[in-house]
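# Fold and contact review
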Amino acid sequence: MFSFCTDPSVLSDWSWMACYLTTGKHMSIYWSVLTVLLLLGITAPVALAFGFGGATAARSPLAPLRWFGKSYIAIVRGVPDIAFFLFFVIALDQGIEYLRHKALCRDWSEPIRQGNDFVVCQAAKMPLGDAPQWVHETYGFALAVLTFAIVFGAFAANVLFGAMRAVPRAQLETAEAYGMTPRQTFWRVLVPQMWVYALPGLSNLWMVLIKATPLLFLLGVEDIVYWARELGGTKTSRFTDYPHGDWRMWYFLALLVFYLIFTRISEIALDRLMKRLTHGQATAGGEAQRKAAA
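Residues numbered from 1 in each chain as written. Predicted model: local features only at pLDDT ≥ 70, side-chain atom pairs only at ≥ 80, totals over all residues. Heavy atoms only, no water.

### Observations regarding the overall build of the chain
Scanning the chain for helices and strands turns up ten helices and two strands. Across the chain, helices and strands are ordered from the amino to the carboxyl terminus as α-α-α-α-β-β-α-α-α-α-α-α. At 25 Å, the chain has a C-alpha radius of gyration far larger than the 19 Å of a compact globule built from 294 residues. If you line up the chain on its principal axes, its C-alpha atoms span 80 × 70 × 30 Å. When burial is assessed residue by residue, the chain has 36% of its 294 residues classed as buried. Here the analysis covers contacts within the chain between residues at least 6 apart in sequence; of these, 66% occur between residues at least 24 apart. For the chain, the accessible area works out to roughly 17,700 Å², and carbon and sulfur atoms hold 64% of it. (Helix = DSSP H or I, 4+ residues; strand = E, 2+ residues; numbered from the N terminus. Rg over C-alpha atoms; globule rule 2.2 N^0.38 Å. Buried < 20%, exposed > 50% of the residue type's maximum accessible area, 1.4 Å probe, protein only. Contact = heavy atoms within 4.5 Å. Areas by Shrake-Rupley, 256 points an atom, 1.4 Å probe, with all protein chains shown as cover.)

Structure below.
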C-alpha cells in the first residue's frame, strides 16, 4: 500500500482511489483472479482425461466397461451442475471422513449418523481442525477441481465419443488391412484424427467452463464473484477507512469485462489450434486451407 495512504481523508480523488484499490482486502480479489485461472489451468486437462477415459470406456468391447462409460456420461450430464456441486462435495467430504473414522477411531462407540448430523472423531476430520489455513484452502480447492473435472469430463466424454465415431471407418479398416493391431489402430489412426472433429465441441465446453467458475462459491472457495459482492457492498466509516456506497454494479461490470476479454483470447487461441489440426486433413477446414493456398 502507498505510504501516503495513512490519512485517506486528505487525499485527492485519484489518490484516494489508488489507495482504496491497493488495500489488503482488495489484494484478495486480485488473488482470486489467479485462483480462477489456476482452476481452469488444472481442471481443463483433468476433465479432458476424465472425458477421454469415459469415451474410451463407452466404446469398449467389454460390456461392463461400456456400461460404466455410458452410465457416467448419461448420469452426470443429466444432473444440473449446481445440484451436482452441492451433492457431490458433501458426499465426497463425508465419504473421506467416514473412511478415516473407520481406520483411525476403532474404539468409537457412538453412531456416526445422529439424526441430521454427521459426527466423526476429531482425528478423522478432513482437514484437521488445528490445520493451518492454507491446508483448509488447498483441500477446498482440490475438491473444487475434482468436482469440476467430473462434471465437465462427462461432457468432454460425450464430445470425444462422437468424434471417435466421426473418423471414417475406411481409414480404420485400411489400418487393419496393413496388419495393425486394434491397439495400434486406436492410438495411431483414430486418436490423432478425432481431435479435428472434437475441437469445436471442446471449444464450446471450454467457454462453458469459464462461465461456470462463479460456482466456486458453492464449494467454499472465495472467488472473484464473492469478492466483487463483498467489496462492492456499501461500506461505512465505522468499519473501514474507505467508506463508499453500493458499488457492486461497477465491480460486476469489471468482471463482465474480464470474462469477455478472457473468452476473446480463448477464441483466438482455439481458432489457431483448429487451423493447425486441420492442416492436411480431409475435412472442411483442411479443404478450405488447400484452396486458399492454391
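### A few points about the pattern of salt bridges
By the definition in use, this model includes five salt bridges. A salt bridge links Arg248 to Asp246, with the nearest nitrogen and oxygen atoms 2.6 Å apart. Note that Glu267 and Arg264 form a salt bridge whose closest N and O atoms lie 3.1 Å from each other. Placement of the pair is Glu267 and Arg264 together in helix α9 (residues 248-278), with a separation of three residues, close to one helical turn. Within the structure, one salt-bridge network assembled from shared partners comprises Arg169, Glu173 and Glu176. (Salt bridge = Lys/Arg side-chain N within 4 Å of Asp/Glu carboxyl O.)

### Things to note about a nonpolar patch on the surface
On the surface, a cluster of nonpolar side chains totalling about 830 Å² of accessible area is made up of Met249, Trp250, Leu253, Leu256, Val257, Leu260, Ile261 and Ile265. If you trace the backbone, Leu260 turns up in helix α9. By relative accessible area, which is 54% here, Leu260 ends up exposed. (Patch = residues over 30% accessible without salt bridge, like charges linked within 9 Å, V, L, I, M, F, W, Y side chains within 5 Å.)

### Describing the nonpolar core
Core analysis: the largest hydrophobic core is formed by 66 residues, its most contacted members being Phe148, Phe152 and Met194. Here this core takes 17 residues from helix α5 (residues 133-166), the largest share from any one element. If we skip the residues at most four places from it in the chain, Met194 touches Phe52, Leu160, Ala163, Met164 and Val167. Ranked by size, the runner-up nonpolar core spans six residues in total, among them Cys105, Val120, Cys121 and Ala124. (Core = buried A, V, L, I, M, F, W, Y, C linked by side-chain atoms within 4.5 Å.)

### Structural notes on the packing of aromatic side chains
How two aromatic rings sit relative to each other is set out by the distance from centre to centre and by the angle between their planes. Following the criterion strictly, the structure yields nine aromatic pairs and no others. A centroid spacing of 5.2 Å and a plane angle of 70° characterise the contact between Phe258 and Tyr259, whose relative ring orientation is edge-to-face. For Tyr259, a relative accessible area of 15% corresponds to the buried category. An aromatic cluster of at least three residues, connected via ring pairs, comprises Trp206, Phe258, Tyr259 and Phe262. (Phe/Tyr/Trp six-rings, centres within 6.5 Å; stacked < 30°, edge-to-face > 60°.)

Geometric values such as these leave the question of function open.
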